[in-house]
Structures are given as C-alpha cells and as structure tokens.
Amino acid sequence: MSILIYAESAEGKFKKVAFELASYAKKIAETSGQTVTALTINMSDVSELSKYGVDKVLKVTNDKLANFTAKAYADAVKQAAEKEGAKLILLSSTTDSLYLAPLVSVALNAGFASNVVGLPVSMSPFQVKRNAFSNKAFNITEIATDVKVLCLGKNSYGIFENAGAAAAEDFAPSISDADFGVKVQSVEKGSGKVTIADADVVVSGGRGMKGPENWGLIEDLAAVLGAATACSKPVSDIGWRPHSEHVGQTGKPVATNLYIAVGISGAIQHIAGINSSKVKVVINSDADAPFFKVADYGVVGDAFEVLPKLIEKLKAFKAQNS
Amino acid sequence: MKILVCISHVPDTTSKINFTNGDSEFDTNGVQYVINPNDEFGLTRAIWFQEQQGANVTVVNVGGPDTEPTLRRALAIGANEAIRVNANPTDGMFVAKQLAEVIKTGGYDLVIAGRESLDYNGGMVPGMIAGILGSNFVNSCIDLKVEGTSVTAVREIDGGKETVSTSLPLIVGGQKGLVEEKDLRIPNMRGIMTARTKALQVLEPVSADSNTKAVKFEKPAPKSAVKLISPDNLDELINLLHNEAKVI
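None of the values given here were measured: they were computed from a predicted structure.

Draft legend 1. Summary view of the overall build of chain A. Scanning chain A for helices and strands turns up 8 helices and 18 strands. In terms of overall dimensions, chain A is globule-like: its C-alpha atoms have a radius of gyration of 21 Å, near the 20 Å expected for 322 residues. Taking the principal axes of its C-alpha atoms as reference, chain A extends roughly 60 × 40 × 40 Å. Put simply, chain A has 322 residues, and 57% of those count as buried. Considering only residue pairs separated by 6 or more positions, chain A has 63% of its internal contacts joining residues 24 or more positions apart.

In structure tokens, the structure reads:
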C-alpha cells in the first residue's frame, strides 16, 4: 500500500514543505511497511523528490491546472488516491493545501486532521497530535475512517534526506469543466520576496517602530537573514503594513526556525500566532513587555539603536560564514 | 439575496486555556465566550450587503442552549434571524453535514463561515460544506462583491492575493479583510432590545457520523527563562543564535 503526498510547487520549483512532507511520509511508510507516492502538478523535473524518500511520482501535466483551482486540484488528488489505493493522504499547511484538504476529505469520505505536529502517536487506533486553541494547547485526535487526510504543520517534522529512486509515471486524471466554477482573474504577488509561509526566518515589527517610514530597518534586517517580513496586528490595523504581513491569532500563523520581534509588546493573541516558532528573539525598549516571558533571547533596548548595529554585525558574520 | 453566516461559539481570545476530566475536556470554568473572530468579519460583511444591497441575514450555530447568547449577540449586531442546531458539535464533518442540511432547506445564495475557529483551529467546515453541496467555494476570502449572481472575490495566498470570479450559490471561508477591525460593530442598546424579539429557531440535528474525535489535550511544556543580552554586546546574540540555537 502507498501513502500519497501532494508535493506542492510554484513556478516550476518544489516548495520546501513538499520535501518535509516527503520526509514525514517516508518515516510513516518505513514503520508501517508502505511506500510513498507523490502527486505533482505541472512539474517537468521531479527527480528532487527521490532525495527525500519518494518511491513513485504521479506526474500530472495539464494546462487547465496552470492556476491553482481548489476543486480541480482536489479532484486530481482524489483520483490519485484511488488509483494508488492510498489510505493516508498527506498535504502541507500552505494556504492552497488548507483550501484543498477539506474538499479531498469529503470526496474520499475521509476523516481529516489539520495542524498535525509530529508522527502519528498511534497507528491503530490512528491518533495524531495537533495544535489547537491557537497554539495554546495540543490535542490528540483519533481518526476513525479507513481513509485519512492530514495537513502537516510547517516545520513540525523537519526535512530528512533519504536517497532512493523514484519512478515517475504520467497520470491524467479526468478534470471536468464543473471544477472551474471559481476562475482566477489575476494574482498579485511580491516577486522575489520570501513569503512568511516559506521562510526559515521571520523579522516582525510592531508599533514600537513608530511609523511605516522606519520599516527600512526591518527590511534590511530581513534581507541579511534571508527572512520574510511580518508585523503585529495594530500595525496592519493602522495600515502601516498590508494585512498579508499580519501575524498572530487572527492573522497568519508563523512556524519558523527563528522569529525576531522588534517593538512588539507580545499580546497573548500575537504570541498564540507565533508560538510554534522554534527560537524567538525579542528586541524591545520596555523590559516589562510580556514578550520577554515567552522569548528565548531578549535585548532590552531602543530598536533604532539596536537594529543598525545588529544589521552591521550580521553582515560581517554572514560574510565570514558563507 | 439570502445570506447564511455560520457562527462558532469560542473562548475569548484572551482566555486561559485549561483542561479537565483527565485532560480529556476543555475547562469552561471562568471562560468568556465570543463570536469566533473570523466569523465576525463575515457577519459584518453580511450586514453591509443587507444595508447596501438588500439581503436577509440568518446566523446559525451548531451547539447546545448555552451558545444562544452568542447568537443573540449576532442578532443584536444586525442579523435578521437565527438558527441553532441543537447538537454537540463533535467534529468538523458532523458540523458541516448539519450546516449543509440547513443550507439545502433554506435555499441560501451566499454562505459565509470563518476560515477557521479559534478553538480547534480545524479550518475544515467551510470546505466540507462546499464539498458536500458541490457549491462554488472561496477560502481565506478578504474581499467580496456580488452583483446579481456574479461574484468577484479576493483570496489571500502565500505572499499576496488572488482575484477570482465565480457565481452564487457560493460558500466563503472568511477572515479579516472582508471588513477591517474598525468596521466591527458593538451592539447598541436598541440592537440588543430588538434582538430579544427576533426569531431564534431551534432545529434538531440530522443523523451524521463523526469521523474524528479529540481524545486528549496537552499543554505545551513550560518555557525556560529568557536570556537577556545587553544592547552593547550584540556579538553575543549572534554567537548564541549561531552556536547555541543553531538557527543562523
């Protein structure tokens, strides 16, 4: 039997979450005597997946699928799962995969768990640990159905190489016109910028930055670290930064390796959204800011003095260590 | 236009989260409940349609009698009527099946449900409703315009946004952006008084299985204290991030 993963890609390249998903699937496959099949959509070179333990690739090439269309993509995942007889279907936690997963789950009459962290707690009964209550707690969810759909939380398992030789096979699911009730008209995307969803490091600014004109410092720090930029809720509410950068309970969740918060006091709703990040650094002039209680490293100081120095020092560090 | 807004009854965002009964249940002791924030953005957008284009707005919740104050609050904000499906919302699929039934019976043109609830964060109910009914579906929706039966919607994508065209009947997974924080309404006295006399219909659930079950809860391990670094010694911060945390 095989475990099916949907290996997400953008602009002809696999997303990092696809490799994490492959690594995760491989581990489950090894312990349960299964193989890993990856579904790819409009990817010509799929060889990279072999590095992470994928045994077989189902390659879909279809112009109709050039734009992400949830219903059509869900149809492709469903047909791939049926072709492979997969009982476990794994997706990542990108905006697109979270859009797809419930549709796949209904189509396959499968129980679904999102925000999954770590390997299944038990295979029989099937139990997984997931984030709940906006990262303030975990819950162990048991899935009773024969077919199961999981969305793996970003950065919750890690990427592990596991060299193999994936056999690629063309796969042509039947995609009906009825799948295109929602049509993409236009996409606005910052080009060349690291997105919060894809970043290993996120640099985030709060009201302590005093105004949008000072965001150059946040952007410079992010640039040195190859990081995405983000902001607190008040900053997006006042309109200093776009809503797509707002992280926290009602904004985007952040689960990154390193989260640097500058001038963010650390309201409980903000912390809830970023708490899955592995290492948290806070820079704030107020030593009593609640963020210091949840951070790993803290600098009590004026952002306008600390950031320029930190940027210079990091540049020197990067120059030495690259 | 007939609009249905699905409302989750969730702990206030500042609530302390605790568990009881051998960590198998959420401890409701001392917890204030609110309209799920993602649902409230959708509710306010629905009220705008009602005021600007003419629409009838129904709010619905799947839950016990204790969730009625949350529905009354939605009525006080401006919804025309409310429905409570009298059942314990055991899992996303169960709730989606109940809501799909309400939608089929009521013939709603537009259904707005929050992209995810802030308690279980399942993020599945809007998509499952769309899957069950085969309706058009836009998730993570941050802007919505309806003319006749044509719809233009904007959805948030990783690193940007995407504009899509679709048509009613439509299911929307809503969030901030449908309206902004400043647009949210606090019920006034008149709204609260009127809400008391608006219809709140209680329906019995249709039979549906739950596919999943939350068997146990855990709280994250307590954190060790923050390491403070002097602003005059940022080399030490870089050193710790490189050698200790190994993240740069």
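Text resumes after the structure shown.
Draft legend 2. Geometry of the overall build of chain B. Within chain B one finds 6 helices and 15 strands. Taking the principal axes of its C-alpha atoms as reference, chain B extends roughly 65 × 45 × 40 Å.

Draft legend 3. Here's a closer look at the sheet that holds strand 6 (residues 56-62) of chain B. Read across the open sheet, the 10 strands follow the order 13(A)-11(B)-10(B)-9(B)-12(B)-8(B)-1(B)-6(B)-7(B)-13(B); overall the sheet is mixed. Looking at the sheet topology across the chains shown, the edges are occupied by strand 13 (183-189) of chain A together with strand 13 (200-203) of chain B. Pairs of neighbouring strands in the sheet enclose a mean axial angle of 30°, with direction left out of account. With 6 bridges joining them, strand 13 of chain A and strand 11 (residues 160-167) of chain B adopt antiparallel strand pairing. For A:Glu188, the partnering residue across the bridge sits in strand 11 of chain B and is B:Lys161. Helix-sheet contacts for helix 1 (residues 37-52) of chain B involve strand 1 (2-6), strand 6, strand 8 (110-114), strand 9 (136-147) and strand 12 (170-174) of chain B, and the interaxial angle to strand 8 of chain B is about 150°.

Draft legend 4. Local environment of the interface of chain A and chain B. Facing 72 residues of chain A, the contacting portion of chain B comprises 61 residues. For the side of chain A that touches chain B, the element with the most residues is helix 3 (residues 95-107) of chain A, which contributes 8 residues. Per-class residue counts for the side of chain A that touches chain B are 34 nonpolar, 25 polar and 13 charged. Where strand 18 (residues 297-300) of chain A lies against strand 15 (residues 227-229) of chain B, 3 bridges are found, and the strand directions are parallel.

Draft legend 5. Geometry of the sheet that holds strand 18 of chain A. Read across the sheet, 6 strands follow the order 15(A)-14(A)-16(A)-17(A)-18(A)-15(B) without closing on themselves; strand pairing throughout is parallel. Looking at which strands have only one partner, the edges of the open sheet turn out to be strand 15 (228-231) of chain A together with strand 15 of chain B. Averaged over neighbouring strand pairs, the angle between their axes works out to 20° when direction is ignored. Sheet topology places strand 17 (residues 279-284) of chain A next to strand 18 of chain A; 4 bridges connect them, and they run parallel. Bridge pairing in strand 18 of chain A places A:Ile283 opposite A:Val299. Strand contacts of helix 4 (residues 215-225) of chain A: strand 14 (201-205), strand 15 and strand 16 (258-262) of chain A, with the helix running at about 170° to strand 14 of chain A, the strand carrying the most contacts.

Draft legend 6. Looking closely at the packing of helix 3 (residues 92-106) of chain B against helix 4 (residues 125-133) of chain B. Residues and elements named next belong to chain B. Packing of helix 3 against helix 4 brings their axes to within 9 Å, and their N-to-C directions diverge by 55°. In terms of axis orientation, helix 3 runs oblique to helix 4. Of the two elements, helix 3 crosses helix 4, and the hand of that crossing is right-handed. For the pair formed by helix 3 and helix 4, the contact residues are Gly92, Met93, Val95, Ala96, Lys97, Leu99, Ala100 and Ile103 on the first element and Val125, Met128, Ile129, Ile132 and Leu133 on the second. Residue composition of the contact of helix 3 with helix 4, grouped by class: 11 nonpolar, 1 polar and 1 charged.

Draft legend 7. Fine view of the UniProt feature "binding site: FAD" (unreviewed entry) in chain A. Residues and elements named next belong to chain A. UniProt records the feature "binding site: FAD" (unreviewed entry) at Arg207, Gly263, Ile264, Ser265, Gly266, Ala267, Ile268, Gln269, His270 and Asn284, using the numbering of this structure. For isoleucine 264, the location among the structural elements is in the loop between strand 16 and helix 6 (268-274). On the basis of neighbour counts, which here come to 30 C-beta atoms within 10 Å, the residue isoleucine 264 falls in the buried class. Look past the residues within four positions of isoleucine 264 in its chain and what remains in contact with it is Ser204, Gly206, Gly208, Ser232, His270 and Phe291. Looking at the secondary structure, you find alanine 267 in the loop between strand 16 and helix 6. Given 19 C-beta atoms within 10 Å, alanine 267 falls into the partly exposed group.

Draft legend 8. Quick peek at the UniProt feature "domain: Electron transfer flavoprotein alpha/beta-subunit N-terminal" (unreviewed entry) in chain B. On the UniProt side, "domain: Electron transfer flavoprotein alpha/beta-subunit N-terminal" (unreviewed entry) is annotated at positions that read residues 23-212 of chain B here. For residues 23-212 of chain B, helix accounts for 31% and strand for 32%, while the C-alpha atoms at its two ends are 17 Å apart.

Draft legend 9. Quick look at the environment of B:Val247. By the secondary structure assignment, B:Val247 is in the segment after helix 6 (234-244). Judged by C-beta crowding, with 19 C-beta atoms within 10 Å, B:Val247 ranks as partly exposed. Spatially, the C-alpha atom of B:Val247 lies 45 Å from that of B:Lys97, the residues being 150 residues apart in sequence. The contacts of B:Val247, once residues within four sequence positions are left out, are A:Asn257, A:Leu258, A:Lys278, A:Val279 and B:Leu241.

Draft legend 10. Representation of the environment of A:Thr195 in the model. With respect to the secondary-structure elements, A:Thr195 resides in the loop between strand 13 and strand 14. Placed 50 residues apart in sequence, A:Thr195 and A:Glu245 show a C-alpha to C-alpha distance of 9.0 Å. Excluding its chain neighbours within four sequence positions, the residues that come into contact with A:Thr195 are A:Ala228, B:Asp158 and B:Gly159.

Draft legend 11. Representation of the packing of helix 3 of chain A against helix 4 of chain B. Between helix 3 of chain A and helix 4 of chain B, the least distance of the axes is 8 Å, while the angle of their chain directions is 40°. Accordingly, the angle class assigned to the pair helix 3 of chain A and helix 4 of chain B is oblique. In this structure, the crossing between helix 3 of chain A and helix 4 of chain B has a hand that is right-handed. Each of A:Tyr99, A:Pro102, A:Leu103, A:Ser105, A:Val106 and A:Ala107 in helix 3 of chain A lies in contact with helix 4 of chain B, whose residues at this interface are B:Gly127, B:Met128, B:Ala130, B:Gly131 and B:Ile132. A per-class count over the contact of helix 3 of chain A with helix 4 of chain B returns 8 nonpolar, 3 polar and no charged.

Draft legend 12. Representation of the domain arrangement of chain A within the structure. Residues and elements named next belong to chain A. The assigned domain composition of chain A is domain 1 (2-180) and domain 2 (201-321). Each of domain 1 and domain 2 has a C-alpha centre, and these two points are 32 Å apart. With 8 residues of domain 1 at the interface, the matching set in domain 2 holds 8 residues. Each residue belonging to the side of domain 1 that touches domain 2 can be placed in one class, and the counts come to no nonpolar, 6 polar and 2 charged.

Thresholds, definitions, all that
Residues numbered from 1 in each chain as written. Chains lettered and ligands numbered in written order. Predicted model: local features only at pLDDT ≥ 70, side-chain atom pairs only at ≥ 80, totals over all residues. Helix = DSSP H or I, 4+ residues; strand = E, 2+ residues; numbered from the N terminus. Rg over C-alpha atoms; globule rule 2.2 N^0.38 Å. Buried ≥ 20, exposed ≤ 12 C-beta atoms within 10 Å, placed from the backbone. Contact = placed C-beta atoms within 7 Å. Pairing = 2+ DSSP bridges. Axes fitted to C-alpha atoms, helices over the stretch in contact; angles between N-to-C directions. Nonpolar A, V, L, I, M, F, W, Y, C, P; charged D, E, K, R; others polar. Parallel < 35°, antiparallel > 145°, perpendicular 65-115°, else oblique. Left-handed = near helix turned anticlockwise from the far one by under 90°. UniProt positions renumbered as here; feature names shortened; annotations may be inferred. Domains from an automatic or database assignment.

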